[in-house]
Amino acid sequence: MKFTRPETLYDTQTHYCSGCGHGIAHRLVAQAIDELGIRERVIGTAPVGCAVLLYDYFNCDIIECSHGRSPAAATGIKRCLPDRIVFTYQGDGDLAAIGTAETIHTANRGENITVIFINNAIYGMTGGQMAPTTMVSQITTTTPDGRDAQLQGPPIKVCELLSSLDGVAYLERVSVSSPKDVIKAGQAIKKAFQYQIDGKGFSLVEVLSMCPTDWKVSPAKALDFVNNEMKTAFPLGVYKDAG
Amino acid sequence: MNSTTEKLFIKGNEVMCEAAVRAGCRFFAGYPITPQNEVPEYMSWRLPQAGGIFLQAESEIAAINMLFGASSTGTRCMTSSSSPGISLKQEGISYIAGAELPCVIANIQRGGPGLGNIRGSQADYFQATKGGGHGDYRLIVLAPATCQELWQLTMNAFDYADYYRNPVMILGDGILGQMAEPVEPIPYKPIVDLPDKDWILDGCKNRDPRVIRTLFLRPSDALMKHNLHLQDKCHTIQTELELVEKVNIDDAKLVVTAYGSTARIARGAIQMARHKGMKVGLIRPITLWPFPYVPFLEATETAKKFLVCEMSQGQMIEDVMLACQCKRPVEFFGYGGGWYPTSEKIFDHIQAVYEE
Ligand SMILES: Cc1ncc(C[n+]2csc(CCOP(=O)(O)OP(=O)(O)O)c2C)c(N)n1
Ligand code: SF4
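Residues numbered from 1 in each chain as written. Chains lettered and ligands numbered in written order. Predicted model: local features only at pLDDT ≥ 70, side-chain atom pairs only at ≥ 80, totals over all residues. Heavy atoms only, no water.

A word on the overall build of chain B. Per the secondary structure count, chain B includes 12 helices and 15 strands. What you see for chain B is a C-alpha radius of gyration of 21 Å, in line with the 21 Å of a compact globule of 356 residues. The principal-axis extents of the C-alpha atoms in chain B amount to approximately 70 × 55 × 40 Å. A burial count over chain B gives 59% of its 356 residues as buried. Taking the contacts inside chain B whose residues are at least 6 apart along the sequence as the reference set, 80% of them involve residues at least 24 apart. Of the roughly 14000 Å² that chain B leaves accessible, carbon and sulfur atoms contribute 52%. Put simply, chain B has 34 plus and 39 minus side-chain charges, and the middle of one group is 1 Å from the middle of the other. (Helix = DSSP H or I, 4+ residues; strand = E, 2+ residues; numbered from the N terminus. Rg over C-alpha atoms; globule rule 2.2 N^0.38 Å. Buried < 20%, exposed > 50% of the residue type's maximum accessible area, 1.4 Å probe, protein only. Contact = heavy atoms within 4.5 Å. Areas by Shrake-Rupley, 256 points an atom, 1.4 Å probe, with all protein chains shown as cover. Lys, Arg positive; Asp, Glu negative; His and termini not counted. Charge placed at Lys NZ, Arg CZ, Asp CG, Glu CD.)

Printed below as a string of structure tokens:
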């Protein structure tokens with residue numbers, strides 16, 4: 001296989017920190033869109049979070065939504081243009097804190113959209129505060145002594161939470177912390193788009209992702225953190241597949 | 001009456017829905033709240049019938065963001081709510097205004113603050129006309145006084161929204177929403193030449209990708225330039241779109257002013273005054289933004305006083321005072337909290353402040 005830039009990504013530098021998982025996830029989304037030949041039918045949403053500028057990287061139509069509300073906006077788009085392919089790309093604060101209601105209800109309505117959910121266990125853009133997915137005892141700028149499950153609750157497990165909803169067609173948790181994981185993540189993302197193309201309903205891929213900057217570790221250590229700690233708290237796998 | 005002439009006898013809330021659908025509205029998202037529940041109820045069967053989409057959203061926040069998406073596809077879209085729900089929509093409205101997406105938002109006002117009550121009210125004037133959400137933007141705000149006018153202004157609202165690429169608010173109240181009266185359903189005809197929607201998102205087939213942007217980080221003056229552009233648009237709207245009704249003001253010594261349902265009630269009071277030989281007129285702003293400042297200034301030539309009536313503790317009065325440039329005293333009569341005026345009460349007040 002020749003390794004080239006997907007057509008769905010512009011030939012440009014991103015603003016992401018070195019070792020950040022967003023760039024890898026972008027590539028996987030773009031690659032899936034290329035492989036499915038749907039670029040000219042795609043409308044994506046940009047979140048409020050580190051990926052807010054994704055319209056500078058994605059070579060397709062994009063709308064920049066308010067914090068957490070991408071699933072509602074995507075609902076509006078998809079209902080008006082049912083034959084277009086609509087995806088949201090959201091961080092954990094966006095999807096599982098401020099936008100929890102939109103996430104759950106969009107999933108429950110079975111909206112035929114694809115959600116790419118980047119779980120990096122922290123608020124990247126605002127400088128490293130606790131996220132709903134921050135792990136117990138993880139230090140952040142608002143949990144200086146580590147997240148205390150008694151005080152802040154345990155991390156929210158989005159795939160597990162959504163798996164009880166009948167409207168959901170496909171849920172898988174993947175990681176971008178090793179070459180093997182990246183390949184699997186790419187397959188999951190492509191499958192999620194395929195489900196949308198086939199009209200199967202709501203699909204979400206949760207991507208465990210690195211944020212070395214706000215975790216205050218090196219890029220290499222960030223990979224270890226995902227592989228050793230996050231994968232334990234957030235087990236990888238398929239949580240729902242309506243087939 | 002011609003026997004083929006269609007007449008509707010439905011509530012204001014339903015008048016607004018039917019007019020919207022006939023004006024080409026094909027997307028509605030909303031969340032139940034009294035006194036506007038007939039709106040989502042009507043839309044839930046009427047829009048699918050017209051090939052449109054109705055969504056009962058999980059919240060007003062979701063509803064306005066569904067419009068954000070729907071509007072970006074070029075679809076004529078609408079949401080409605082009442083005061084507390086409109087408060088929840090404000091962040092979304094700011095984004096829609098910033099992104100210059102057309103849509104229609106109805107506020108069938110109820111008493112506030114807080115959960116308030118479910119009676120009609122006009123206490124959201126500031127919120128509607130002075131911002132509401134964050135940032136420098138304006139809504140076009142229309143204030144119908146009768147069901148017939150609601151029919152027409154609802155249709156016009158979609159045209160203004162598309163023409164100026166700006167959200168439009170229909171500022172009604174619980175009285176207008178709940179009142180049923182005969183309406184002649186005048187067919188929809190665009191009141192302006194509608195521009196092509198060459199900005200919509202529908203997939204980038206045979207064109208470059210488009211971005212609907214609400215963030216302007218770089219260069220550092222990008223947002224300032226965007227704000228200047230929005231400001232220019234506001235100035236254009238101000239020069240092109242000021243709707244006002246003037247009744248008996250040429251010789252008026254006292255000019256009563258009110259909007260919406262209150263104006264309708266005030267009209268009766270003015271008739272009573274005229275019967276008694278008192279020179280009283282009415283200025284009824286139909287657009288609350290842009291506010292029709294000029295007719296007030298002109299009226300200061302003959303009028304000695306102004307009397308503002310509102311179902312609030314006094315909000316529009318600030319614009320009337322600005323319009324009169326302190327040349328004449330401006331009196332106020334009104335209460336918030338779901339109080340309703342009667343023509344008799346307004347007439348009593350006219351008698352109390354009137355000077356020949
Ligand atoms: C209504 C609102 N509240 C707060 C913010 C500030 N804010 C911007 S990004 C962000 C958190 C983003 O974290 P996440 O969604 O996890 O994405 P990441 O940056 O980690 O990719 C917050 C709180 C905002 N822009 N809007
Ligand atoms: S702060 Fe974290 S999530 Fe944001 S770009 Fe840097 S590494 Fe990525």
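Further notes follow.
A few words now on the confidence of the model for chain B. Close inspection of predicted coordinates is inappropriate for parts of the model with low pLDDT. Summing up the model confidence of chain B, the mean pLDDT is 97 and the portion of residues at 70 or higher is 99%. Of the two predicted TM-score estimates for the complex, the pTM is 0.97 and the ipTM is 0.98. (pLDDT = per-residue confidence, 0-100.)

We now examine the site of ligand 2. Taken together, Y16(A), C17(A), C20(A), H22(A), C50(A), N120(A), G124(A), C211(A), P212(A), T213(A) and D214(A) are the residues near ligand 2. Each residue belonging to the shell around ligand 2 can be placed in one class, and the counts come to 6 nonpolar, 4 polar and 1 charged. (Near = heavy atom within 4 Å. Nonpolar A, V, L, I, M, F, W, Y, C, P; charged D, E, K, R; others polar.)

Take the nonpolar core next. Grouped together as the largest cluster of nonpolar side chains are 117 residues, with contacts concentrated most on L204(A), F27(B), M43(B), F68(B), M78(B) and I140(B). For this core, the leading source of residues is helix α6 (residues 147–164) of chain B, giving 10 residues. Each of two domains, domain 1 (8–183) and domain 2 (244–353) of chain B, supplies a minimum of three residues to this core. Among residues more than four places away in sequence, those in contact with M78(B) are M16(B), A20(B), C25(B), F27(B), F28(B), A29(B), M43(B), L67(B), V104(B), A106(B) and F158(B). Membership of the second largest hydrophobic core comes to 52 residues, among which are I33(A), V42(A), A192(A) and Y195(A). (Core = buried A, V, L, I, M, F, W, Y, C linked by side-chain atoms within 4.5 Å. Domains from an automatic or database assignment.)

Assignment of secondary structure puts Q36(B) in the loop between β2 (27–30) and α2 (38–49). At a separation of 2.3 Å, a polar atom in the side chain of Q36(B) contacts the side chain of S80(B). (Polar contact = N/O pair within 3.5 Å; in protein donor to acceptor, adjacent residues only side chain to side chain.)

Before going further, it helps to examine the interface of chain B and chain A. Residue-level contacts link 34 residues of chain B with 35 residues of chain A. Around 2700 Å² of area is buried between chain B and chain A when both sides are counted, 62% of it from carbon and sulfur atoms. Run the count over chain B and chain A and you get 2 salt bridges. Where chain B packs against chain A, one counts 13 residue pairs in polar contact (both at pLDDT 80 or more). Counting only elements with at least two residues in the side of chain B that touches chain A, the list comes to β3 (53–56), α3 (60–72), α4 (83–98) and β9 (211–212) of chain B. Broken down by element, the side of chain B that touches chain A gets its largest block of residues, 8 residues, from α3(B). (Buried area = accessible area lost by both parts, 1.4 Å probe. Salt bridge = Lys/Arg side-chain N within 4 Å of Asp/Glu carboxyl O.)

Pairing between the strands of a sheet comes from backbone hydrogen bonds, and it takes one of two forms, parallel or antiparallel. Strand order in this open sheet of 7 strands is β3-β2-β4-β5-β7-β6-β13 (chain B), and the pairing throughout is mixed. The sheet is open, and its two edges are formed by β3 and β13 (287–289) of chain B, each paired on a single side. On average, each strand axis in the sheet is tilted by 20° relative to the strand beside it, whichever way the strands run. The pairing of strand β4 (residues 77–81) of chain B with strand β5 (residues 103–109) of chain B spans 4 bridges and is classified as parallel. Considered in β5(B), the bridge of T79(B) is made with I105(B). Along the sheet, helix α2 (residues 70–80) of chain A contacts β2 and β3 of chain B; its crossing angle with β3(B), the most-contacted strand, is approximately 155°. (Pairing = 2+ DSSP bridges. Axes fitted to C-alpha atoms, helices over the stretch in contact; angles between N-to-C directions.)

Considering all chains together, one arrives at 30 salt bridges over all chains under this definition. The residue R284(B) makes a salt bridge to E149(B) at a minimum N-O spacing of 2.8 Å. With R284(B) in strand β12 (residues 280–285) and E149(B) in helix α6, this residue pair connects regions lying 135 residues apart in the sequence. Taken individually, R284(B) and E149(B) each receive the classification buried, so the pair is uniform in this respect. Salt-bridge contacts for E331(B) lead to K305(B); the nearest nitrogen and oxygen are separated by 3.6 Å. Residue E331(B) is located in strand β15 (residues 330–334), and its partner K305(B) is located in strand β14 (residues 305–310); the two are separated by 26 residues in the primary sequence. Residue class for E331(B) comes out partly exposed when judged on its relative accessible area of 28%. The network of salt bridges with shared partners includes R79(A), R109(A), E111(A) and E58(B).

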